[in-house]
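# Topology and contacts: notes
This is what each chain is made of:
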Amino acid sequence: MTDLAFINGKIVTVDKKFSIAQAVVIKGDKIGAVGTNEDIKPYAGTGTEVIDLKGRTMLPGINDAHIHAALYGGTRPPLTLDVGYPAVKSIGDIVKAVEEKAKTAKPGEWIRGMGWDEGYLEECVKDPARYPTRHDLDAVSPDNPVMLGHYTQHEVWVNSRAMEAAGITRDTPTPEGGVIVRDPATGEPTGVFSEFPAQALVMKVVPSWNKEEKRQGIEAMIREMNSLGITSITEGALGSGGDEFQGGLFGSECIGIYSDLLNEGKLTLRVGWLYLFGEYGACTFEDFREIIPQLGIRTGFGNEWLRVAGVKIFADGTPMTKTAWMHDDYPDGSGRGSLVIPGNSDEERRNELIKMICFAHKYGFQVGVHAIGGLAIEATIDGFLRAEKEDPQGLRHYVLHSDFISDKYIKIAGKHGFGLGVQPILKWTFSDSMDKLVGIELSTRQFPLRRMLDAGVHLAAGSDAPVVYPSWQAGIQAAVLRESKATGTVRGPDQRITVAEAIRMYTIEGAWQDHAEQYKGSIEPGKLADLCILDRDILNVEPHEIKDIKTVMTVAGGNIVYDAGEIK
Ligand SMILES: [Zn+2]
């Protein structure tokens, strides 16, 4: 490994004072010195490779604090065809892509694709009555079942061979909550299935990926993360609870694959994971009692590349499906959601959740809880309070999605050192639909970042990919502008934060969440040499341009793991 020195740069160190330096030198896998070109000279040996940044901006390596990274890898090439815009622009293009794939596929092998959007398909734009059907795909893939996911993940488009494999005919009844799109003249299913209950009719026969395929997807994902400047992630859910769904990409085998890559020296992304237990991830107190005591390990087990982050609990659902447990009823009158934990009443479910948090805490696990609705967040934080009160360990438990947290609980989180996970990129992407789902008042106060920071809360930002593309740049822009992607509508301008504050959420605060701020998350002597170099000055560009900033080089553990070829 050659030592590297970067000179003539704008080094955004993200130290306590948010100092800007000119140069940095790396010694082995750590930062050796930071300062002016002159300052670092004594630290650069004869073998040091000097890279002239010519004024470019450097940030610490980006930390995506909540992502389903293995799953994301499975939704992208080489495992899954990219049938989204701009990779394809018409149904014809998609048919061609499937035809190509079918040529090399074994008989009966499933062909999967992801990302189609009729708003960008030529035929559908020309004729709004035209929608994709199985007949489009049948001729080019008679022997291979095909399943193509809509970009919203709320719909799948399959061919006749896939319907046959799933035993779906014109007589298949439409399941509650789902839609089987049918030809109005004949009643025959057209091959499009909307919403989860209908999609599940097909999904249940799609095989899980085998180990080799999972590894291919994970390796491609790691390359992609590095190319974005990302050097650390927290896998939001991996473990036995994920073996049976999402193609096994939430499953235990993925932990083993990360471990193999580490042993082979191929892991260039620092990975922590939250354990997922229970059948289909719906874990209960019984699952915890059965599994956790026999694990014999706890939060922090592993090393700087691969470590146990904690355990995951799904407390409630999402506002999209009206299953997040809110303070008030949804505007459409569909109730206020509830916890998804077993129990016969809100009170029983709440107590069960608190019991689970306290149990995992007792065994030394940090707990990351999927809670989105205000009431779900309160029950969760009450659990954190109880656990730390009975047995103080400072485990930094956190709420994964603190969308609709009340002011009272923001203050509690700040005072007691509980983390709040935020996904500003989700606000950007779904802001307009959130207006409709929860009403403008609540949509305006979704992710109240300013109030959270003012209360001294630790905010770690993530993307929740593959729900959206893991662009931290778009996340920073969203936190700074609070505009929606589709219409530019601003919601909650008083909750805007500065670019510097947003950068912290994607670097040092993600490290804090992992109990790792002593050794990563900023460019300071002695810390791990994780950094990325950008093509523009993120602190001074017009804020609407932040989302377009590109990473030109990424260094992880002192090694160049991505190089766009622009600076050397
Ligand atoms: Zn998630």
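Below is a short write-up of the structure. Not measured: the values here are computed from a predicted model. (Residues numbered from 1 in each chain as written. Predicted model: local features only at pLDDT ≥ 70, side-chain atom pairs only at ≥ 80, totals over all residues. Heavy atoms only, no water.)

## Points about the packing of helix α8 (residues 211-227) against helix α9 (residues 252-263)
Contact pair α8 / α9: the axes reach a minimum separation of 10 Å and the direction vectors enclose 60 degrees. Judged by the inter-axis angle, α8 sits oblique to α9. The chirality of how α8 crosses α9 is right-handed. Residue-level contacts link Lys-211, Lys-214, Arg-215, Ile-218, Glu-219, Met-221 and Ile-222 of α8 to Glu-253, Cys-254, Ile-257, Tyr-258, Asp-260 and Leu-261 of α9. When its residues are assigned to classes, the contact of α8 with α9 shows seven nonpolar, no polar and six charged. (Axes fitted to C-alpha atoms, helices over the stretch in contact; angles between N-to-C directions. Helix = DSSP H or I, 4+ residues; strand = E, 2+ residues; numbered from the N terminus. Parallel < 35°, antiparallel > 145°, perpendicular 65-115°, else oblique. Left-handed = near helix turned anticlockwise from the far one by under 90°. Contact = heavy atoms within 4.5 Å. Nonpolar A, V, L, I, M, F, W, Y, C, P; charged D, E, K, R; others polar.)

## What about the coordination of the zinc ion?
Within the protein, the zinc ion binds to His-66 (NE2), His-68 (NE2) and Asp-464 (OD); these donor distances fall in the range 2.1 to 2.2 Å. Counting residues between consecutive donors of the zinc ion along the chain gives the motif H-x1-H-x395-D. In this pair, the class of His-66 matches that of His-68, namely buried. (Donors = N, O, S within 2.8 Å, 3.2 Å for Na, K, Ca; no water. Buried < 20%, exposed > 50% of the residue type's maximum accessible area, 1.4 Å probe, protein only.)

## So, the packing of helix α14 (residues 424-438) against helix α17 (residues 472-481)
Running from N to C, α14 and α17 cross one another at 75 degrees; their axes reach a closest spacing of 7 Å. In terms of orientation, α14 and α17 fall into the roughly perpendicular class. On α17, the residues touching Pro-424, Ile-425 and Trp-428 of α14 are Ala-474, Gly-475, Ala-478 and Ala-479.

## What about empty space enclosed by the protein?
The method is simple in principle: a probe with the dimensions of a water molecule rolls over the atoms, and the space it marks as empty is what remains. Applying the stated criterion across every chain yields a total of four cavities of 30 Å³ or more. Computed from the structure, the largest cavity encloses a volume of approximately 80 Å³. In terms of lining, the largest cavity is formed by 13 residues, of which the most central are Gly-61, Thr-231, Lys-520, Gly-521 and Asp-530. Broken down by secondary-structure element, the contributors of at least two residues to the lining of the largest cavity are β8 (62-67) and β15 (230-238). In terms of residue class, the lining of the largest cavity is made up of four nonpolar, seven polar and two charged. Volume-wise, the second largest cavity comes out at about 70 Å³. Every residue lining the second largest cavity is listed: Pro-424, Lys-427, Trp-428, Phe-447, Leu-449, Ala-478, Ala-479, Arg-482 and Glu-483. For the lining of the second largest cavity, the secondary-structure elements that each account for two or more residues are α14 and α17. At three residues, α14 tops the list of elements feeding residues into the lining of the second largest cavity. A class-by-class count of the residues in the lining of the second largest cavity yields six nonpolar, no polar and three charged. (1 Å grid on protein atoms, 1.4 Å probe; cavity = no way out; pocket = protein on both sides within 12 Å on 5 of 7 lines; lining within 4 Å. Points joined across faces, edges and corners; volume = space filled by probe spheres on them.)

## A few points about the pairing of strand β4 (residues 23-27)
Most of β4 sits out of view: four of its five residues are buried. In the sheet, strand β1 (residues 4-7) pairs with β4 via two bridges, with the strands oriented antiparallel. Paired with Phe-6 across the bridge in β4 is Val-24. When β4 meets strand β5 (residues 30-35), the two strands line up antiparallel, connected through five bridges. Looking across to β5, one finds that Ala-23 is bridged to Gly-35. Between β4 and β5, which pair antiparallel one after the other, the connecting turn spans two residues, and Gly-28 there sits at a positive phi close to 65 degrees. (Pairing = 2+ DSSP bridges.)

By themselves, these observations are geometric and do not establish any function.
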